[in-house]
Amino acid sequence: MRRRLKWTLWIVLAVLSLLTVASCSHTRKVYNAQGDEIELQVDTRDTVVINGTRQTIYLAGASRENPVILWLDGGPGGSEVGWVRPYLGPLHEHFTVVCWDQRGTAASYRAGRDGLSVQQFTEDVIALSKLLADRFNQEKIFLVGHSWGSVIGLLAAHQEPELFYAYIGAAQQVNAVENDTIGYEMILNGAKSAGDEKTVKIMERIGYPPYKKTLSDGTVVPDGDAYYQILSRLYHYSPTAPADVNYRSEKMFLAPEHSFFDRINLIRGVIRGVKKIYPQLSELDFERDITELECPLFLINGRYDFSCVATISERWYEKVEAPIKGLLWMENSGHNAVYSEADKFMQYMVETVRPLSESNGDFAGIKNP
């Protein structure tokens, strides 16, 4: 790795290498709001074939009769099973929660050899959703997309709305250029205020998005390295949210469901994902391309979220048409609001979202939250 790629994830990996080289993977126990272990009827780590590739999913729930949530992780290249189970344990009493290492990620790293295009990820979401509905003999499932997962989640819900009781976008990404411009200016101004001259010089050299580079043959292509430079600094210069004190990002890398080599591939997948996949989003604009959704829509916004800028997703939400819509603001949280204010999120999911699984597609008697 070149010297300039000094991301904190490498430090985490080095520590984990020392602590877990001899460890074996196992599924984590989940606990209810009182701290008691939940007895799970569903508790497996499975390898499934999705569009010709072998990928890994993690399933847990108190009853096979509960509706299914497919959880789409952030990144690109992240795996959130290490966050979902400890932070959202009580949710497993009411849903069967399916975490998934997407192609090119952690235990599914090798599946990335068959391609890492946005369309492939979207097709994977649709195929896995059908597989889960069939496996649990359910007409539809719920789809939650967090951060990068909100891109492929919304695309899948738009293409195949009949598969989903509802789509829930947490830290919903809506467009690329405006979102990344806000992030760029936040880093540049933050670095200037902090006297971080090195970062200031890097930001001024890179300039404003979108990022392109010219190859030796004159071909112009997206510049993944430039996006990596921006995204690897974004969290450091984001405003501190009050609820972040309850959240530990390193739990992603401590998931007991992952083997030591899965953890190595998690690091590799995040770096490759940002460089290979994120540049594909340079033309992303859901305000232009998705003005109507044929399944219910819910957004979870952190007031301090400047990674997927919350005011942009709010603006899109006000315009888009859907049979039912709901917007939940997490006033004390940033990008990872579903984890830092987990109780509020879970209450919303149980009381507002879950009843849609009993509506049989009839929304006439259900009011917007």
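What comes next is a walk through the structure. (Residues numbered from 1 in each chain as written. Predicted model: local features only at pLDDT ≥ 70, side-chain atom pairs only at ≥ 80, totals over all residues. Heavy atoms only, no water.)

Here the focus is the pairing of strand S1 (residues 42–50). Here S1 runs beside strand S2 (residues 53–61); their pairing, made up of nine bridges, is antiparallel. Residue pairing for S2: Arg45 is matched across the bridge by Tyr58. Hairpin geometry of S1 and S2 is characterised by an intervening segment of two residues between the two adjacent antiparallel strands and by a positive phi of about 50 degrees at Asn51. (Pairing = 2+ DSSP bridges. Helix = DSSP H or I, 4+ residues; strand = E, 2+ residues; numbered from the N terminus.)

Quick look at the packing of aromatic side chains now. Enumeration over the complete set of coordinates arrives at 15 aromatic pairs. Plain terms: the ring middles of Phe95 and Phe142 are 5.7 Å apart, the flat faces sit at 85 degrees to each other, and that makes the pair edge-to-face. One end of the pair, Phe95, is in the loop between helix H2 (81–87) and strand S4 (96–101); the other, Phe142, is in strand S5 (residues 141–146), and 47 residues separate them in sequence. One cation-aromatic arrangement involves Arg272 over Tyr109; the distance from NZ or CZ to the ring centre is 4.4 Å. Sitting above the plane of the Trp329 ring, Arg303 keeps its charged end 3.7 Å from the centroid. (Phe/Tyr/Trp six-rings, centres within 6.5 Å; stacked < 30°, edge-to-face > 60°. Lys NZ or Arg CZ within 6 Å of the ring centre and 35° of its normal.)

Turning to the sheet that holds S1, a few remarks are in order. Within a sheet, adjacent strands bond to each other through the backbone by hydrogen bonds, running parallel or antiparallel. Strand order in the open sheet made by the eight strands is S1-S2-S4-S3-S5-S6-S9-S10, with mixed pairing throughout. Only two strands of the sheet have a single neighbouring strand rather than two, namely S1 and strand S10 (325–330). Strand-to-strand twist of the sheet, defined as the mean angle between neighbouring strand axes without regard to direction, takes the value 20 degrees. By the bridge criterion, six bridges tie S5 to strand S6 (residues 164–170) in an arrangement that is parallel. Residue Leu143 lies in a different strand from S6, and its bridge partner there is Tyr167. (Axes fitted to C-alpha atoms, helices over the stretch in contact; angles between N-to-C directions.)

Before going further, it helps to examine the pairing of S6. Burial of S6 is extensive: seven of the seven residues sit out of reach of the surface. For the crossover that starts at S5, traverses helix H4 (residues 148–159) and ends in the parallel S6, the hand is right-handed. (Buried < 20%, exposed > 50% of the residue type's maximum accessible area, 1.4 Å probe, protein only. Right-handed = clockwise from strand over helix to strand, strands pointing away.)

Bringing a negative patch on the surface into the picture now. A surface patch of negative charge is lined by Glu162, Glu292, Glu294 and Glu321. Looking at the element boundaries, Glu294 is found in the loop between helix H9 (286–289) and strand S9 (297–302). Residue classification places Glu294 among the exposed residues on the basis of a relative accessible area of 60%. (Patch = residues over 30% accessible without salt bridge, like charges linked within 9 Å, V, L, I, M, F, W, Y side chains within 5 Å. Areas by Shrake-Rupley, 256 points an atom, 1.4 Å probe, with all protein chains shown as cover. Salt bridge = Lys/Arg side-chain N within 4 Å of Asp/Glu carboxyl O. Lys, Arg positive; Asp, Glu negative; His and termini not counted. Charge placed at Lys NZ, Arg CZ, Asp CG, Glu CD.)

With that settled, the discussion passes to helix H12 (residues 342–353). Listed in full, the buried residues belonging to H12 are Ala342, Phe345, Met346, Tyr348, Met349 and Val353. Down the axis of H12, the buried side of the element spans an arc of 155 degrees, and every buried residue falls inside it. Across H12 from its buried face, at more than 90 degrees, point the exposed residues Asp343 and Glu351. (Arc of directions from axis to C-beta.)

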